[in-house]
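If you want the building blocks of each chain, they are given just below.
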Amino acid sequence: MGDIPAIDPTKAPAWDTLDQLAEEFDPDLRKFFADDPGRAERFTLEAGDLHVDLSKNLVCPTLVGHLLALAEQTGVADLRDRMFAGEHINVTEDRAVLHTALRRPASDSLVVDGQDVVADVSAELAKIYSFANRVRSGQWVGVTGKPVRTVVNVGIGGSDLGPVMAYEALKPYVQEGLECRFISNIDPTDAGETTKDLDPETTLVIVASKTFTTLETITNAKVVRAWLLGALRSRGIVTDAASEAAAIAKHFVAVSTALDKVAAFGIDPANAFGFWNWVGGRYSVDSAVGTSLAIAIGPEGFADFLDGFHKMDRHFVEAPPERNVPLLMGMLNIWYSNFLGADTHAVLPYSQYLHRFPAYLQQLTMESNGKSVRRDGAPVTYETGEVFWGEPGTNGQHAFYQLIHQGTRMVPADFIAFANPTWALGDGDADMHELFLSNFFAQTKALAFGKTSEEVRAEGTPEAIVPARVFTGNRPTTSIMAPALTPSVLGQLIALYEHITFVEGAVWGIDSFDQWGVELGKVLAKQILPAIEGDAGALDAQDPSTRALIEYYRSKRTR
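Cut-offs used in this document
Residues numbered from 1 in each chain as written. Predicted model: local features only at pLDDT ≥ 70, side-chain atom pairs only at ≥ 80, totals over all residues. Heavy atoms only, no water. UniProt positions renumbered as here; feature names shortened; annotations may be inferred. Helix = DSSP H or I, 4+ residues; strand = E, 2+ residues; numbered from the N terminus. Rg over C-alpha atoms; globule rule 2.2 N^0.38 Å. Buried < 20%, exposed > 50% of the residue type's maximum accessible area, 1.4 Å probe, protein only. Areas by Shrake-Rupley, 256 points an atom, 1.4 Å probe, with all protein chains shown as cover. Lys, Arg positive; Asp, Glu negative; His and termini not counted. Charge placed at Lys NZ, Arg CZ, Asp CG, Glu CD. Pairing = 2+ DSSP bridges. Axes fitted to C-alpha atoms, helices over the stretch in contact; angles between N-to-C directions. Contact = heavy atoms within 4.5 Å. Phe/Tyr/Trp six-rings, centres within 6.5 Å; stacked < 30°, edge-to-face > 60°. Core = buried A, V, L, I, M, F, W, Y, C linked by side-chain atoms within 4.5 Å. Domains from an automatic or database assignment. Left-handed = near helix turned anticlockwise from the far one by under 90°. Nonpolar A, V, L, I, M, F, W, Y, C, P; charged D, E, K, R; others polar. Patch = residues over 30% accessible without salt bridge, like charges linked within 9 Å, V, L, I, M, F, W, Y side chains within 5 Å. Salt bridge = Lys/Arg side-chain N within 4 Å of Asp/Glu carboxyl O. Expected span 1.5 Å × (residues − 1).

- Within an unreviewed UniProt entry, the label attached to the protein chain reads Glucose-6-phosphate isomerase, and the organism entered is Pauljensenia hongkongensis.
- Its UniProt record, at the heading Subcellular location (unreviewed entry), says of the protein chain: "Cytoplasm".
- One UniProt comment on the protein chain, placed under Sequence similarities (unreviewed entry), says "Belongs to the GPI family."

### Digging into the overall build of the protein chain
Then, in step 1: Within the protein chain one finds 21 helices and 13 strands.
Then, in step 2: Computed over the C-alpha atoms, the radius of gyration of the protein chain is 26 Å, within 12% of the 24 Å expected from 2.2 N^0.38 for a compact globule of 559 residues.
Then, in step 3: In the protein chain, which comprises 559 residues, the proportion classed as buried is 51%.
Then, in step 4: When the accessible surface of the protein chain is split by element, carbon and sulfur atoms take 53% of a total near 23,900 Å².
Then, in step 5: Computed over 47 positive and 72 negative side-chain charges, the inter-centroid distance for the protein chain is 6 Å.

### Description of the sheet that holds strand β2 (residues 50-53)
Then, in step 1: The strand order β1-β2-β13-β12-β10-β11 describes an open sheet built from 6 strands, whose pairing is mixed. Edge positions in the sheet fall to β1 (44-47) and β11 (387-389), since each has one partner strand and no second. Across the sheet, the mean angle from the axis of one strand to that of its neighbour is 20 degrees, orientation sign disregarded.
Then, in step 2: Relative to β2, β1 runs antiparallel, the two being bridged by 4 bridges. If you follow L45 over to β2, its bridge partner there is V52.
Then, in step 3: Across the sheet, helix α13 (residues 325-339) lies against β1, β2, β10 (344-349), β11, β12 (413-418) and β13 (477-482), angled at about 130 degrees from β1, the strand it touches most.
Then, in step 4: Against the sheet, helix α18 (residues 487-508) contacts β1, β2, β10, β11, β12 and β13, and its axis sits at roughly 170 degrees relative to β12.

### What to know about the sheet that holds strand β7 (residues 203-208)
Then, in step 1: Spatially, the 5 strands line up as an open sheet ordered β6-β5-β7-β8-β9, and their pairing is parallel. Of all strands in the sheet, those with a lone pairing partner are β6 (179-183) and β9 (272-273), marking the two edges.
Then, in step 2: On the sheet, helix α10 (residues 241-251) packs against β7 and β8 (252-255) and is oriented at approximately 50 degrees with respect to β8.
Then, in step 3: Taken strand by strand, helix α12 (residues 291-318) contacts β5 (150-154), β6, β7, β8 and β9, and its axis lies near 145 degrees from that of β7.

### Things to note about the packing of aromatic side chains
Two aromatic rings are characterised by how far apart their centres lie and by the angle between their planes.
Then, in step 1: Applying the stated rule across the entire model yields 27 aromatic pairs.
Then, in step 2: Ring centres of Y350 and F436 lie 5.7 Å apart, and the angle between their planes is 40 degrees; this geometry places the pair in the tilted category. A residue pair is termed long-range when its members are at least 10 positions apart, and Y350 in the loop between β10 and α14 (357-369) and F436 in helix α16 (residues 429-449) qualify at 86 residues.
Then, in step 3: Y350 sits in the buried class, given a relative accessible area of 2%.
Then, in step 4: Look at F436 and you get partly exposed, because its relative accessible area is 21%.
Then, in step 5: Here a set of aromatic residues connected by ring pairs shows up, and it is made of Y350, W389, F400, Y401, F415, F436, F440 and F441.

### A short note on the nonpolar core
Then, in step 1: Formed by 123 residues in total, the largest nonpolar core has its most connected members in F357, L490, Y497 and F502.
Then, in step 2: Ranked by residues supplied to this core, first place goes to α18 with 13 residues.
Then, in step 3: Shared between two domains, this core holds at least three residues of each, these being domain 1 (32-74 + 319-453 + 465-508) and domain 2 (107-299).
Then, in step 4: With residues up to four places along the chain from it excluded, the contact list for F357 reads M165, V347, I416, L493, I494 and Y497.
Then, in step 5: Counting 24 residues, the second-largest nonpolar core is a separate cluster that includes L198, A221, V262 and I267.

### Re unusual backbone geometry
Then, in step 1: Cis geometry is adopted by the peptide bond preceding T394, which originates at G393 and carries an omega value of 10 degrees.
Then, in step 2: With respect to the helices, strands and loops of the structure, T394 is situated in the loop between β11 and α15 (401-406).
Then, in step 3: Although it is not a glycine, D94 sits at a positive phi angle of roughly 50 degrees.
Then, in step 4: Positionally, D94 belongs in the loop between α5 (76-85) and β3 (111-112).

### Side note on the packing of α12 against α18
Then, in step 1: The N-to-C vectors of α12 and α18 enclose an angle of 35 degrees; their axes lie 7 Å apart at closest approach. Considering only the axes of α12 and α18, their crossing is right-handed. Note on element contacts: α18 touches α12 through P487, S488, L490, G491, Q492, I494, A495, L496, E498, H499, F502 and V503, opposite I297, G301, D304, F305, G308, F309, K311, M312, D313 and F316.
Then, in step 2: Of the residues assigned to the contact of α12 with α18, the class counts are 12 nonpolar, 6 polar and 4 charged.

### Focus on a negative patch on the surface
Then, in step 1: A contiguous patch of negative charge on the surface is contributed by D16, D19, E23 and E24.
Then, in step 2: By the secondary structure assignment, E24 is in the loop between α1 (13-23) and α2 (29-35).

### As for helix α7 (residues 158-169)
Then, in step 1: Between the first and last C-alpha of α7 there are 16 Å, a value that for 12 residues agrees with the 16 Å anticipated at 1.5 Å per step.
Then, in step 2: Residues of α7 that are buried include every one of G158, S159, D160, L161, G162, P163, V164, M165, A166, Y167, E168 and A169, and no others.
Then, in step 3: In the core, the buried residues of α7 are packed alongside β5, β6, β7, α12, α14 and α18.

### Observations regarding the UniProt feature "active site" (unreviewed entry) in the protein chain
Then, in step 1: Under the local residue numbering, the UniProt record ascribes the feature "active site" (unreviewed entry) to E367, H398 and K522. On the basis of their most widely separated C-alpha atoms, the annotated residues across 156 residues do not gather in one place, lying as much as 37.3 Å apart.
Then, in step 2: Tracing the chain through its elements places E367 in helix α14.
Then, in step 3: Given the relative accessible area of 21%, E367 is considered partly exposed.
Then, in step 4: Sequence-distant contacts of E367, that is, excluding residues within four places in its chain, are made with R282, Q362, D514, Q515 and V518.

Encoded structure:
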């Protein structure tokens, strides 16, 4: 597995120190702020356009020092530098990890395995931008000469979660008259509901699969192809094999490097946009996987998006540890997860445009760090990974915030908000935005400082219900703000969490860039399918539970 060390963090001196501190730790944020008038300023940092307040976390400067010592002792900076240099830090697949090369300026050069990867990226981006401009300008037309009005992205995992999240986040930047839709679930209703009201003559389909063998993606692509050809046949547009081939060529493009399979599907390989094996799916939204986004917001907007990523990359590499936002946020997560017993982490954007951001982070963080062996194959003896979840505020306030405020579980939470909305303000909207942000500010204050029984009694509350109205406080939060949700700021946010995920994986000594855990279920699904279809031998080969479930399904299916 190469010369990438896999350090057991529990052997680091700082781990023992943090363990001892955690045993006697009795945080009191009210006291922390009272004793240190400069706490808010000390713990507020800038990273690119992001304004990050860490002061409501359950730490003091001394404890932060020990966390940074743990990062140093486990080689976080060394592994970071190896990643940026293109070393094969994905040890189980013997690959470089170079999603950061996707957003480096074209003037840069980085030679990895004998290839200038920045030059390769720049060439592919030029191809994507040229295609995006043709679609946006109406030069690219469908088989009947009509311009594209709807782009349907067919993918799954990183080939879906990234593009749909970014598209939803940047809707104010989408060209008028263009719309993107997304199909990922192999449940046939996903493709059916997505296409049922579309005009096939103005629909462009992007099939995103690096190998062009991803079961869900190719199955959905075939369904959409059948829908489009069937609709065009019903209009007399497709009448024979030649017109069918012409329709596919004008209405389907691919994001893939398997050009032979792309061609076999009917897509012109000239209309395939590629990326590389050093780009993991969950790190690929800024690659050709983001072609739908490049069409929607345009090459200029997409370039701004990439520049945002790069700004955070440079901060991660250049900022000193005590001011390095991804490093500090990653180490805070280590503190909560490994020393204070937190199992989950909430991400709570106060922006409806970011309603898919928590789901995107679920794949980024949990597929990366849901591991139980170290890079050297040894089993871990400590907790790894966190369960990431969340919903936009203020909706979540009327759902699960009760547990965060008064439940028995500690849930560290990141709150995200923007000073300026990205929609055009109408009459009264400015006041509404300030009401919205007052909730953002109030929630972190309430979680940090709570309400004592004395304060509850002072409000005239009957004694019998005083305990129910007490808020203990000391619930940790991080507040992230920016001037507005622009393409650049979205890129910065994504890269921030990419690097937070990296920091945690580096401390835990695991390979954050493989995902073998997604493979077994796929293999078994292919083995089980014959049993579902009626193969008696395949059915008999199943375990009793699976066999009984299949038999129930077959007995109840009516069509």
